[in-house]
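Chain and residue survey
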Amino acid sequence: MSGRAALRLGPGPVVRTVIWVVLGAFFLIPLFSMLEFTLRTAKPGVYSFDRWVAVFGGGTTRYDRVYQGLGNSLVLAVVTVAIVLLVLLPTVVLVELRFAKLRRLLEAVCLLPIMIPAIVMVVGLAPTYAVVTSLFGSGTWTLAFAYGIIVLPYAYRALQSAVSAVDLVTLSEAARSLGANWGTVFWRVLTPNLRRGILAASALSIAVVLGEFTIASLLSRVNLQTSLLLVSQSDPFVAVIFALLALVFAFVLLLVVDRVVGARGRAPRRRSAQRRLQKGTS
């Protein structure tokens, strides 16, 4: 009886449907409102795709600054993801394997940026970027050093959840007992088992980078959001078009990662269930 009662816990089909409808409306209504705004014409009730055609037709140079900002943001996203994976991922794995007592400290350090306002962070980053500019130049890509800090809370949570779901100690000891060096253990044994967290951390980092404005603006760098602000002063419709595309891209990216991760997570569970069923019938 207790097992049957436990199976009834949680919302029923009707409640789940209502939750999905409410959440869907919460996210989709603003997107449709933005789309409707970009299609408006001078005549009430008349809509046109002329602005979309003008943006992607390539017949004008009015939007070159937006394309420049978009390109800079994509480069920033790639460099930021590389920094996260090359610095944070090995650190999380090393702490899990060798320095378990430092896990709390690492978590506190990684979550600290989410509690510091961006305007306060820029005050501390400004003197640092004077040195960065002298060493690496004033290219927009150098913002990736700052973005690597602001994405830490999101990337750390994604990676740590994957690390907690895998017994890294047992996997590393088994690989080492078979003669593998630490480089092989990390890249060919541990990393494939952490693919779910790596994908999630990368997707969250890209979404944060594409939406960041404050640091780029105060450090006088051109990215997607700062260029949209400048374009919106002369053509608000085009700014909304690019903002809508950025939101849709981030949403689709997160959805794809969720589907890929979910499919890979369901496959082992399905095989495990089939093995248990075969054992039960044999």
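Structure first, text after, so check above.
Notes on the structure follow. (Residues numbered from 1 in each chain as written. Predicted model: local features only at pLDDT ≥ 70, side-chain atom pairs only at ≥ 80, totals over all residues. Heavy atoms only, no water.)

**Structural notes on the pattern of salt bridges**
- Applying the stated criterion to the full structure yields three salt bridges.
- Here Glu36 and Arg40 are joined by a salt bridge, their closest N and O atoms 3.1 Å apart.
- Residue classification places Arg40 among the partly exposed residues on the basis of a relative accessible area of 39%.
- Of the charged contacts, one joins Glu107 and Arg157 as a salt bridge, the two residues approaching to 2.8 Å between their closest N and O atoms. A residue pair is termed long-range when its members are at least 10 positions apart, and Glu107 in helix 5 (residues 103-111) and Arg157 in helix 8 (residues 152-164) qualify at 50 residues.
- With a relative accessible area of 43%, Arg157 lands in the partly exposed category. (Salt bridge = Lys/Arg side-chain N within 4 Å of Asp/Glu carboxyl O. Buried < 20%, exposed > 50% of the residue type's maximum accessible area, 1.4 Å probe, protein only. Helix = DSSP H or I, 4+ residues; strand = E, 2+ residues; numbered from the N terminus.)

**Some words on the packing of aromatic side chains**
- On inspection of all chains with the given rule, the structure shows seven aromatic pairs.
- Relative to Phe242, the ring of Tyr67 lies with its centre 5.6 Å away and its plane at 80°, an arrangement referred to as edge-to-face. Here Phe242 lies in helix 14 (residues 236-281) and Tyr67 lies in helix 4 (residues 64-97), a separation of 175 residues in the sequence.
- Using a relative accessible area of 33% as the deciding quantity, one classes Tyr67 as partly exposed.
- Here Phe136 and Trp141 contribute two aromatic rings whose centre-to-centre distance is 6.0 Å and whose plane-to-plane angle is 80°, an arrangement assigned as edge-to-face.
- An aromatic cluster is present here, built from Phe136, Trp141 and Phe145 joined pairwise through their rings. (Phe/Tyr/Trp six-rings, centres within 6.5 Å; stacked < 30°, edge-to-face > 60°.)

**Structural notes on the nonpolar core**
- Counting 43 residues, the largest nonpolar core has Leu88, Leu143, Tyr147, Leu194 and Ile215 as its most contacted members.
- Ranked by residues supplied to this core, first place goes to helix 4 with eight residues.
- The residues contacting Leu143, other than those within four sequence positions of it, are Leu76, Tyr129, Ile215, Ala216, Leu219 and Arg221. (Core = buried A, V, L, I, M, F, W, Y, C linked by side-chain atoms within 4.5 Å. Contact = heavy atoms within 4.5 Å.)

**Observations regarding helix 13 (residues 224-232)**
- For helix 13, the complete set of buried residues consists of Leu224, Thr226, Ser227, Leu228 and Val231.
- Capping the start of helix 13, Asn223 holds a side-chain oxygen 3.3 Å from the backbone nitrogen of Gln225, two or three residues further along. (Polar contact = N/O pair within 3.5 Å; in protein donor to acceptor, adjacent residues only side chain to side chain.)

**Comments concerning helix 10 (residues 182-193)**
- Between the first and last C-alpha of helix 10 there are 16 Å, a value that for twelve residues agrees with the 16 Å anticipated at 1.5 Å per step.
- When helix 10 is considered as a whole, its buried residues turn out to be Val185, Phe186, Val189, Leu190 and Thr191.
- The inward-facing, buried residues of helix 10 abut helix 4, helix 9 (168-177) and helix 11 (195-211).
- The N-cap residue of helix 10 is Asn181: its side-chain oxygen and the backbone nitrogen of Gly183 are 3.2 Å apart. (Expected span 1.5 Å × (residues − 1).)

**Here's the deal with the side chain of Thr191**
- Relative to the assigned elements, Thr191 resides in helix 10.
- Setting aside its immediate chain neighbours within four residues, Thr191 contacts Phe186 and Ile198.

**As for unusual backbone geometry**
- Notably, Ser220 is not glycine yet its phi reads approximately 60°, a positive angle.
- Structurally, Ser220 can be placed in the loop between helix 12 (214-218) and helix 13.
- Ser220 sits in the exposed class, given a relative accessible area of 64%.

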